[in-house]
Amino acid sequence: MHRFLLSLIFLFISNSFTRAQEVYQHISNTNIYDFLDELAGKKLIIINSAVKPYSRIMIAQKLQEASLSKDELNDRQQKELEFYLRDFNKELTADKKFDKRADLFYYKDTLFSMTLNPVLGITDYSAGGKNFYHRWNGAEIFGYIGKNVGYYASLRDNRESLAITTDSLLTMETGGNYKTDEKGGGDYSEMRGGLTYSWKWGSFGVVKDHFTWGNNYHGSNIFSARQPSFAHIRLNIHPVKWLDFNYIHGWLVSDVVDSVASYSYGAGTRVVYHQKFLAANFFTITPCKNLNVSIGNSVVYSDIGIQPGYLIPFFFFKSVDHQLNGAIANGIGQNSQMFMDISTRQIKNLHVYMSAFIDEIALSRALSDTGQTNFISLKLGFRASPSALPNVTFTLEATRTNPIVYKHFISTTTFESNGYNLGSYLRDNAGEIYASVGWKPIRGLHLEVAYLSAMAGYNYPYIGNSKAVQGLPFITAI
């Protein structure tokens, strides 16, 4: 009865004082995302973990919801909850009277709020008898105006003594637009942020940021955020409890020179790239509690300007492409994809998930004598946190990506931005098995032992002849 009354109070407060502003918590802050995953596994909160980043207000509300069942958390989890509320209570309280984390600058009144903090970090690596590092520094700011507007910005200068995140390397590290030096190192700058407008059941934003679609604990095979951030408009609609809809329209970087638009100036040439765009949507349906089924599709398009048909959020974009380019020889138009994701947390402390990326599929191919020729990527995995082993998690994840997935024969419509694949960091003709055991004995300390078997096979060329890539063997030697 005590918990029931607390829940009623929470629901009343949420409905009476709903704050609609949204500022996104970057996906690189994996600690808060892992903690929310823990809370969801214990069935204290419900989340749609197929779509990230989460907004700060959403995180704050989930933390507040979990605090109503604080007695179900162990000592370490309670301290984690208290630690995060010191930051995310900014979204929940009407004033500054709470146990707040230290900020370089924090201001809040009835109309306007602002938080400003410096950013500084370093990661040191040791591999193959060599030591190298990644250092970053900068500043970030976020805040709200009124009841509906949110803003945020993050500027980071990055230095790598060895360029380990270039587009040619198969690594999960987020890439950058490098300026390399003679010693093999590199520098790049990353500007992220956006302006959002939100209401009770949805939000719209113009942002330049990273996002991931697809459940995973070791890299998504749908949208993985491997590439440098790119500008896009973002729409989220949550009109009923059983439906969550997400849409983006992005301005990608093609790195394909437009020789007609390029021009000379003095002794040099002003290089102009072809424009390149991405439209994608993701419908998440919740048929029953703790079960999410997501389906969506996307298109990478170029050479036709911003196409209004791709600005209609809920369309099946392949059909739009057929209407726009069906009369072109061989039906060659834009580059479209489909994907789906299933996630269940119906068993307490167990998260089971599956995600599939479908680049091109035909039943006739699957049944042909040439073998598996459909361009699909499949990921299966689970994470368990047994009650008998508090603070311990077991994760197992397997991914298979067939040859030619993510590729396209038209250089301006590849599934890439700045040369980085938008999907799996291993690209096509690749697979991996990932297993880990994690232990968090105290707040702020995470120990993990992981096993990774990652394989990338021959880089098959794809020049547009569909028959030439049928029956390609999976993971042959390079």
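Draft legend 1. Representation of the overall build of the protein chain within the structure. Counting secondary structure elements, the protein chain contains six helices and 23 strands. Here the C-alpha atoms of the protein chain give a radius of gyration of 23 Å, agreeing with the 23 Å that 2.2 N^0.38 yields for 478 residues. Dimensions of the protein chain along its principal axes, counting C-alpha atoms only, are 70 × 60 × 55 Å. The buried share of the protein chain, taken over its 478 residues, is 49%. In the protein chain, once contacts between residues fewer than 6 apart in sequence are set aside, the share between residues at least 24 apart is 60%. When the accessible surface of the protein chain is summed, it comes to about 23200 Å², and 61% of that surface belongs to carbon and sulfur atoms.

Draft legend 2. Representation of the nonpolar core in the model. Grouped together as the largest cluster of nonpolar side chains are 25 residues, with contacts concentrated most on Trp-213, Phe-223 and Leu-278. Those elements that provide at least two residues to this core are strand 11 (243-257) and strand 14 (273-288). At three residues, the largest contribution of residues to this core is made by strand 14. The residues touching Phe-223, leaving out its near neighbours within four places in the chain, are Phe-211, Thr-212, Trp-213, Leu-278, Ala-280, Ser-298, Phe-339, Phe-415 and Leu-422.

Draft legend 3. Spotlight on the side chain of Ser-424. Mapped onto the fold, Ser-424 is located in the loop between strand 21 (420-421) and strand 22 (430-439). Discounting chain neighbours no more than four positions away, the residues touching Ser-424 are Ser-220, Asn-221, Thr-401 and Tyr-406.

Draft legend 4. Focus on the environment of Trp-439. Inspection of the secondary structure assignment puts Trp-439 in strand 22. When its relative accessible area of 41% is taken as the criterion, Trp-439 is described as partly exposed. Between the C-alpha atoms of Trp-439 and Gln-25, which are 414 residues apart in sequence, the distance is 24 Å.

Draft legend 5. Layout of the pairing of strand 18 (residues 375-384). Note: strand 17 (residues 350-360) against strand 18, ten bridges, orientation antiparallel. Of the residues in strand 18, the one forming a bridge with Ser-355 is Lys-379. The pairing of strand 18 with strand 19 (residues 392-401) spans eight bridges and is antiparallel. What sits directly across from Ala-384, in strand 19, is Phe-394.

Draft legend 6. Representation of the packing of helix 2 (residues 30-41) against helix 4 (residues 75-88). Two elements in contact, helix 2 and helix 4, have axes separated by 11 Å at closest approach and are oriented at 125°. Comparing the axis directions of helix 2 and helix 4 gives the class oblique. Here the hand of the crossing between helix 2 and helix 4 comes out left-handed. In this structure, helix 2 uses Asn-31, Ile-32, Phe-35 and Glu-38 to contact helix 4, whose residues at the interface are Arg-76, Gln-77, Glu-80, Leu-81, Tyr-84 and Phe-88. Of the residues belonging to the contact of helix 2 with helix 4, the class tally is five nonpolar, two polar and three charged.

Draft legend 7. Representation of the packing of aromatic side chains. All chains considered together, the criterion is met by 33 aromatic pairs. Between Tyr-107 and Phe-112, the ring centres sit 6.4 Å apart and the planes meet at 40°, which makes this aromatic pair tilted. On the basis of relative accessible area, Tyr-107 is assigned to the partly exposed category, the value being 34%. On the basis of relative accessible area, Phe-112 is assigned to the partly exposed category, the value being 26%.

Draft legend 8. Looking closely at unusual backbone geometry. The step from Lys-52 to Pro-53 runs through a cis peptide bond, and the omega angle for that step is 15°. One can find Pro-53 in the loop between strand 1 (51-52) and helix 3 (56-67). Phi is positive for Asp-255, which is not a glycine, with a value near 60°. Note that Asp-255 resides in strand 11. Accessibility expressed as a relative area gives 37% for Asp-255, which makes it partly exposed.

Draft legend 9. A look at the pairing of strand 5 (residues 149-160). Across twelve bridges, strand 4 (residues 130-145) lies against strand 5 in antiparallel orientation. When the sheet's bridge partners are listed, Arg-135 is paired in strand 5 with Arg-159. The hairpin formed by strand 4 and strand 5 contains three residues between the paired strands, and Gly-146 there has a positive phi angle of roughly 65°. Relative to strand 7 (residues 186-199), strand 5 is paired through twelve bridges, and the arrangement is antiparallel. Note that in strand 7 the partner of Arg-159 across the bridge is Asp-187.

Draft legend 10. Representation of helix 2 within the structure. Here helix 2 is twelve residues long and its end C-alpha atoms lie 16 Å apart, about the 16 Å a rise of 1.5 Å per residue gives. By the criterion of burial, helix 2 is predominantly enclosed, with nine of the twelve residues buried. The inward-facing, buried residues of helix 2 abut strand 1, helix 3, helix 4, strand 17 and strand 18. Backbone geometry just after helix 2 places Lys-43 at a positive phi near 65°.

Draft legend 11. How the structure looks around the packing of helix 3 against helix 4. At a minimum axis separation of 10 Å, helix 3 and helix 4 run at an interaxial angle of 140°. Taken together, the axis directions place helix 3 and helix 4 in an arrangement best described as oblique. Seen along the crossing, helix 3 lies across helix 4 with a hand that is left-handed. Contacts between helix 3 and helix 4 involve Arg-56, Ile-59, Ala-60, Leu-63, Gln-64, Ala-66 and Ser-67 from the first element and Leu-81, Tyr-84, Leu-85, Asp-87 and Phe-88 from the second. Along the lines of polarity and charge, the residues of the contact of helix 3 with helix 4 split into eight nonpolar, two polar and two charged.

Draft legend 12. Representation of a nonpolar patch on the surface within the structure. On the surface, a nonpolar cluster with roughly 440 Å² of combined accessible area is contributed by Val-352, Phe-382, Leu-396, Ile-433 and Tyr-451. Relative to the assigned elements, Phe-382 resides in strand 18. Of the residues examined, Phe-382 reaches a relative accessible area of 31% and is grouped as partly exposed.

Each value, and the rule that gives it
- Residues numbered from 1 in each chain as written.
- Predicted model: local features only at pLDDT ≥ 70, side-chain atom pairs only at ≥ 80, totals over all residues.
- Heavy atoms only, no water.
- Helix = DSSP H or I, 4+ residues; strand = E, 2+ residues; numbered from the N terminus.
- Rg over C-alpha atoms; globule rule 2.2 N^0.38 Å.
- Buried < 20%, exposed > 50% of the residue type's maximum accessible area, 1.4 Å probe, protein only.
- Contact = heavy atoms within 4.5 Å.
- Areas by Shrake-Rupley, 256 points an atom, 1.4 Å probe, with all protein chains shown as cover.
- Core = buried A, V, L, I, M, F, W, Y, C linked by side-chain atoms within 4.5 Å.
- Pairing = 2+ DSSP bridges.
- Axes fitted to C-alpha atoms, helices over the stretch in contact; angles between N-to-C directions.
- Parallel < 35°, antiparallel > 145°, perpendicular 65-115°, else oblique.
- Left-handed = near helix turned anticlockwise from the far one by under 90°.
- Nonpolar A, V, L, I, M, F, W, Y, C, P; charged D, E, K, R; others polar.
- Phe/Tyr/Trp six-rings, centres within 6.5 Å; stacked < 30°, edge-to-face > 60°.
- Expected span 1.5 Å × (residues − 1).
- Patch = residues over 30% accessible without salt bridge, like charges linked within 9 Å, V, L, I, M, F, W, Y side chains within 5 Å.
- Salt bridge = Lys/Arg side-chain N within 4 Å of Asp/Glu carboxyl O.

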